[in-house]
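# Breakdown of the fold
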Amino acid sequence: MVCAQVETSPRRCWQKVLYERQPFPDNYVDQRFLEELRKNVHARQYQYWAVVFESGAVVQQLCSVCVFVVTWWYMDAGVLSPQGLFGAALASSLLGYVLFDAIDAGVGRRESGRTRWADLKSTLVFIAFTYGFSPVLKTLTESISTDTIYAMSVFMLLGHLIFFDYGANAAIVSSTLSLNMAIFASVCLASRLPRSLHAFVMVTFAMQIFALWPMLQKKLKARTPRCYVAVTVLFALAALAGLASVSSVGAVLFASLLLSISCLCPYCLIRLQQLKDNIHGPWDEAEIKEDLSRFLT
């Protein structure tokens, strides 16, 4: 808008209305135009340690992918047997199941109305179908080259990290798509393992670490923040230890990535937030703040 000098009657004042004809140009504004300027009206003030705490979700998901890939490498190299992995995963799942109910004393289960018998049936059905189709999973990608399988797995795991629900209200977030991409990557990698039993255990482990583990972490974060921080640190150390046994250089790079996300990125966000300069004024689009739902009924 451009301010215009208009000779008007001293008795006639410009009004910001549309329903009345006035002797002023359409683009006329008075001297009060810039007086209504406001800066950073809706800007959020972040605290460093609060941002570090929220970055734990990203750190945990990166560590989950790292643990999954290292576990697959152990099985492919013959260092880890499928029986051992299945036993350890089963024991950890039972422990996590007990903790999931113990965190809120079973309040969430009572509100959802889901019984333990329903959980047991779902688990048995999943295990039975996965075990029955494990020979198909083992031979599903025989006609595809190994390099292509590895490339597809990398892209699927990256997509899993991108679309995962870290707690942000964004259009890109899709928990279903993120989980499907992770399971697809696990199926691709499992098809390169020696036997169908390896494929069955690998897909089962992928479901545990990509579907069940985040659910437990979200409840820990909401109910017991201190335990959540402790579990995040221990999980990151375990992922780094496992990666260090495969590649020391990879462990150093991964540790640098985790430190950058959990410490450096929050610091940069706080610093850049001080340079934020959003302006608001009469030129903003009109917002209807009145509840109009009564007109829709």
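Notes on the structure in this doc start here. Keep in mind it's a predicted model, so treat the numbers as computed, not measured.

### Quick word on the side chain of threonine 204
By the secondary structure assignment, threonine 204 is in helix α8 (residues 196-223). In terms of polar contacts, threonine 204 uses its side chain to reach the backbone carbonyl oxygen of phenylalanine 200, at 2.8 Å. If sequence neighbours within four positions are ignored, threonine 204 has contacts with Phe86, Phe126 and Thr130.

### Focus: the environment of asparagine 40
With respect to the helices and strands, asparagine 40 occurs in the loop between β1 (38-39) and α1 (48-54). Of the residues examined, asparagine 40 reaches a relative accessible area of 28% and is grouped as partly exposed. Asparagine 40 has contacts with Lys276, Asp277, Asn278 and His280, leaving out every residue within four places of it along the chain.

### Points about the packing of aromatic side chains
Under the defined criterion, the tally for this structure stands at 10 aromatic pairs. Measuring from centroid to centroid gives 5.8 Å for tryptophan 72 and tyrosine 150, while their planes differ by 80°, and the two rings are edge-to-face. Residue tryptophan 72 is found in helix α2 (residues 56-77), and its partner tyrosine 150 is found in helix α6 (residues 146-163); the two are separated by 78 residues along the sequence. Of the residues examined, tryptophan 72 reaches a relative accessible area of 8% and is grouped as buried. According to the relative accessible area criterion, tyrosine 150 is partly exposed, its value standing at 33%. Between phenylalanine 86 and phenylalanine 200 the ring centres are 5.8 Å apart and the planes differ by 35°, which places this aromatic pair in the tilted class. A residue pair is termed long-range when its members are at least 10 positions apart, and phenylalanine 86 in helix α3 (residues 82-103) and phenylalanine 200 in helix α8 qualify at 114 residues. A relative accessible area of 26% places phenylalanine 86 in the partly exposed class. For phenylalanine 200, a relative accessible area of 5% gives the class buried. Clustering of aromatic rings is evident, with ring pairs tying together Phe86, Tyr131 and Phe200. Across from the ring centre of phenylalanine 100, 3.7 Å away, lies the NZ or CZ of lysine 219, which sits over that ring.

### Considering α6
A turn of α-helix holds 3.6 residues, and therefore any two residues three or four places apart point the same way. With 18 residues, α6 extends 26 Å between its outermost C-alpha atoms, agreeing within 8% with the 26 Å of an ideal straight helix rising 1.5 Å per residue. All of the buried residues in α6 are Ile149, Ser153, Leu157, Gly159, His160 and Leu161. In this structure, the buried residues of α6 make contact with α2, α7 (175-190) and α8.

### As for the environment of phenylalanine 163
Within the secondary structure, phenylalanine 163 sits in helix α6. Look at phenylalanine 163 and you get partly exposed, because its relative accessible area is 23%. For the pair formed by phenylalanine 163 and methionine 181, sequence separation is 18 residues and the distance between their alpha carbons is 9.3 Å.

### A look at the state of the cysteines
For the structure on display, the rule yields 0 disulfides. In this model cysteine 268 remains outside any disulfide bridge; the closest cysteine sulfur is found in cysteine 265, 6.2 Å from its own.

### Looking at the nonpolar core
Formed by 40 residues in total, the largest nonpolar core has its most connected members in Cys63, Phe68, Met202, Phe205, Phe210, Phe254 and Leu258. Among the elements of the structure, α2, α3, α6, α7, α8, α9 (225-246) and α10 (248-273) are those that each provide at least two residues to this core. Ranked by residue count, the leading element in this core is α2, at 10 residues. When near neighbours in sequence (up to four residues on either side) are disregarded, methionine 202 contacts Phe68, Thr71, Trp72, Met75, Ala190 and Leu193.

Rules of the game
- Residues numbered from 1 in each chain as written.
- Predicted model: local features only at pLDDT ≥ 70, side-chain atom pairs only at ≥ 80, totals over all residues.
- Heavy atoms only, no water.
- Helix = DSSP H or I, 4+ residues; strand = E, 2+ residues; numbered from the N terminus.
- Polar contact = N/O pair within 3.5 Å; in protein donor to acceptor, adjacent residues only side chain to side chain.
- Contact = heavy atoms within 4.5 Å.
- Buried < 20%, exposed > 50% of the residue type's maximum accessible area, 1.4 Å probe, protein only.
- Phe/Tyr/Trp six-rings, centres within 6.5 Å; stacked < 30°, edge-to-face > 60°.
- Lys NZ or Arg CZ within 6 Å of the ring centre and 35° of its normal.
- Expected span 1.5 Å × (residues − 1).
- Disulfide = S-S within 2.5 Å.
- Core = buried A, V, L, I, M, F, W, Y, C linked by side-chain atoms within 4.5 Å.

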